[in-house]
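Residues per chain, in single letters:
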Amino acid sequence: MFAGMGAGLVQRMKGIGLGLLAAGLLCLPVDMSPAFAQDANSSSLSQLSDPDFQPVNSTKALKASEQSVVRVLVVYRGYGGVPLDTVGMGSGFVVAPGYIVTNYHVVQVPPEASSADIYIVPHKDSGAGYQPVQLMKSWIQGDLVLLSAPNLKIPPLKLFLTPYKNERVVSMGYPDVTDHLLNRSGTALLEPADAYVTQGSIALFAATNPDGSRVETLFHTAPINHGNSGGPLLNECGQVVGVNTWTAPSTLSAGGNLDISAGQFVATHVSALNTFLSSAGISPEIVSTPCYAKSEDEIVKDDALSKVLSAAAEAQVQRLVEQKKAEADRALMERLQLGAMVVLSVLVLILIGLIIRREIRHRAEIHRSREPDAPTAFDEAPVERVKPERVRHRIELRAPPPVKVPGIKHPIPWGWIALAAVIVIVVAWFLIKDRDIYRRLSKPKVAAPVAEAVTVKMSCAIDPTASPNPLSGAGPIEFEFDSVHACVNGRTPYERQPNGSLLRFAMGEANPVAARMEFSADGQVFTRYDYRLDPVQYTNFNNQMKALGTLRCSTHSNAGALAALANNLARVRTLSQTYLTMAPETKTVWRCKQT
């Protein structure tokens, strides 16, 4: 059912005279208070993230976009140009300077009328009043029309051509049911007012609209009512992602009771709108950068958190500077101590050398002074008083023993030389103990024994009862699993948890999704959770994951590499838990067995 008319026709307000036709220009003024916003000029965040990824202040963006939303009023004339007592009402928005888009069924002339006059009433903050417009181009299958308002000085809205599922959206327009509930009538409706705003998210994309025409549409959960037809569906950055066109039946009974809507709200996809505008020669402003925005509460919290993180980062930097300075001072002191030791050792060696030299000379002089003098040619021959035979015999018998000098050591002082050698060895050890040569000469440590790999082949099939919303296209899987090192197919590592289960996080390459994969401790259940991220979250998360490096199973005999891998897996888990705080989009469970 059209959001701007009942039973497929333009909504009419019976019993309203021509004098009140213009009074239907405005709807209930509602102060827009969206629940999602972000300050793009946050100085704290600017210091901690890339300026290209600064969030948009959605409160300001949506408030500015609201000024481009207008109320559309259609005055029907009978044959002869006589105004009828019925009017058509809807919403529209500016797509280019002087041009407005709304639904075709909003301005469609009913059978009982011969013509119609179309008027628009801009937003109360735009500074403009209601004015007539001209129909420029229609697209019946797409339920779109282009209106011309040459004197309209309102900035146009931008188009974002690639909205995604679960993206948060806002509907803006002028539903007439608000006027009924507040009993608004007469001149009060002539006063400019705010647009009515509701919030939701994109639920589904379709290739056809409810009329059966092959026009791209999207279903969403931002409630709309009669009178919202032709109004924009915006993302958090105030960019058009659709044109609200259909809703499930929801009417106000004669007794004033509001029927409950089925909650199905449909908008024409922005890509179809862009095609229509191009066919009319209109070039709207198109945005290709994905929207990134947060709420005012979030920005206040983020700003406070950023200040805390900034202070912590500065403190950490200061600690690192002080630590490096202390290390430099310690290294300088060690060098000074080593230099003093070398100088002292050299002085000691010189002193020992001088002592050795003195001792050698002193002992040599003592040896020479204690030895008997050798006979010379100037000595007088002794007088022989006995017979030669007896004298010789007596001389032989009384020959004196070799001269022995008591208390005289060898002339080389071996003790001092040994002391000098010990000093040299000690100094040399201090010089090389922290150098590469010492590590080469030292006996290498024996690596701790590592368990041998035990690889088994696993075959897993999806458990439909445990998978309420399985991953699209998921089927049976087979892989090789090393239960000792928690490694799949010899390259994909998993982190072992305290309860014995295995855990791994991964990023999607083509889509902004992240996956959490768990393997039960008994090896019989494999579970995968998929989370959809907004583009900015995905980019930041993916960049931080890449900064941790490629995670591959380490060589089984390399205990150091295994420890480094375990540390990286723990860091990935901590990082992932900070991003994947939302409910998973899909949950798929496989039952596994060895083959």
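This text goes with the structure placed above it.
The rules behind each value
- Residues numbered from 1 in each chain as written.
- Predicted model: local features only at pLDDT ≥ 70, side-chain atom pairs only at ≥ 80, totals over all residues.
- Heavy atoms only, no water.
- Helix = DSSP H or I, 4+ residues; strand = E, 2+ residues; numbered from the N terminus.
- Buried < 20%, exposed > 50% of the residue type's maximum accessible area, 1.4 Å probe, protein only.
- Areas by Shrake-Rupley, 256 points an atom, 1.4 Å probe, with all protein chains shown as cover.
- Pairing = 2+ DSSP bridges.
- Axes fitted to C-alpha atoms, helices over the stretch in contact; angles between N-to-C directions.
- Phe/Tyr/Trp six-rings, centres within 6.5 Å; stacked < 30°, edge-to-face > 60°.
- Disulfide = S-S within 2.5 Å.
- Core = buried A, V, L, I, M, F, W, Y, C linked by side-chain atoms within 4.5 Å.
- Contact = heavy atoms within 4.5 Å.
- Expected span 1.5 Å × (residues − 1).

What follows deals with the overall build of the chain. Helix and strand content of the chain: eleven helices and 25 strands. Counting only residues that meet the buried cut, the chain has 38% of its 595 residues in that class. Carbon and sulfur atoms make up 57% of the accessible area of the chain, which amounts to about 33500 Å² in all.

This part covers the sheet that holds strand β7 (residues 144-148). Read once around its circumference, the closed barrel built from six strands follows the order β2-β3-β4-β7-β6-β5, with strand pairing classed as antiparallel. Pairwise comparison of adjacent strand axes, ignoring direction, gives a mean angle of 40° for this sheet. One ladder, built from seven bridges, connects strand β2 (residues 69-77) with strand β5 (residues 115-121); its direction is antiparallel. When the bridges of β5 are listed, Val-74 appears paired with Ile-118.

On inspection of all chains with the given rule, the structure shows seven aromatic pairs. For the ring pair Trp-139 and Phe-276, a centre distance of 6.2 Å and an interplane angle of 20° mean the geometry is stacked. You can see Trp-139 sitting in strand β6 (residues 131-139) and its partner Phe-276 sitting in helix α5 (residues 270-279), a full 137 residues away along the chain. For Phe-276, a relative accessible area of 2% puts it in the buried group. Ring pairs connect the aromatic residues Phe-479, Phe-481, Phe-519, Phe-526 and Trp-590, which therefore count as one cluster.

A separate point is the state of the cysteines. One pass over the full model with this rule turns up three disulfides. A disulfide bridge connects Cys-237 with Cys-291, and the sulfur atoms are separated by 2.1 Å. Here the S-S torsion is close to 90°, and the disulfide linking Cys-237 with Cys-291 is therefore right-handed. Here Cys-237 is found in the loop between β12 (232-235) and β13 (240-247), whereas its partner Cys-291 is found in the loop between β15 (286-287) and β16 (293-294), with 54 residues between them in sequence.

To continue, consider the nonpolar core. One finds Phe-93, Val-101, Leu-146, Met-172, Val-240, Leu-273 and Leu-277 to be the most contacted residues of the largest nonpolar core, which totals 23 residues. For this core, the secondary-structure elements that each account for two or more residues are β3 (83-96), β7, β9 (168-173), β13 and α5. Here this core gets four residues from one element, more than from any other, and that element is α5. The residues touching Val-101, leaving out its near neighbours within four places in the chain, are Ser-91, Gly-92, Phe-93, Val-95, Leu-144, Val-145, Leu-146, Gly-230, Leu-273 and Leu-277. Counting residues in each nonpolar core, the second largest holds 18 residues, with Phe-505, Met-507, Leu-569 and Val-572 among its members.

Bringing helix α10 (residues 535-547) into the picture now. When the terminal C-alpha atoms of α10 are compared, their 18 Å separation across 13 residues agrees well with the 18 Å that a helix rising 1.5 Å per residue should span. Listed in full, the buried residues belonging to α10 are Pro-535, Val-536, Tyr-538, Phe-541, Asn-542 and Met-545. Phi turns positive one or two residues past the end of α10, at Gly-549, with a value near 90°.

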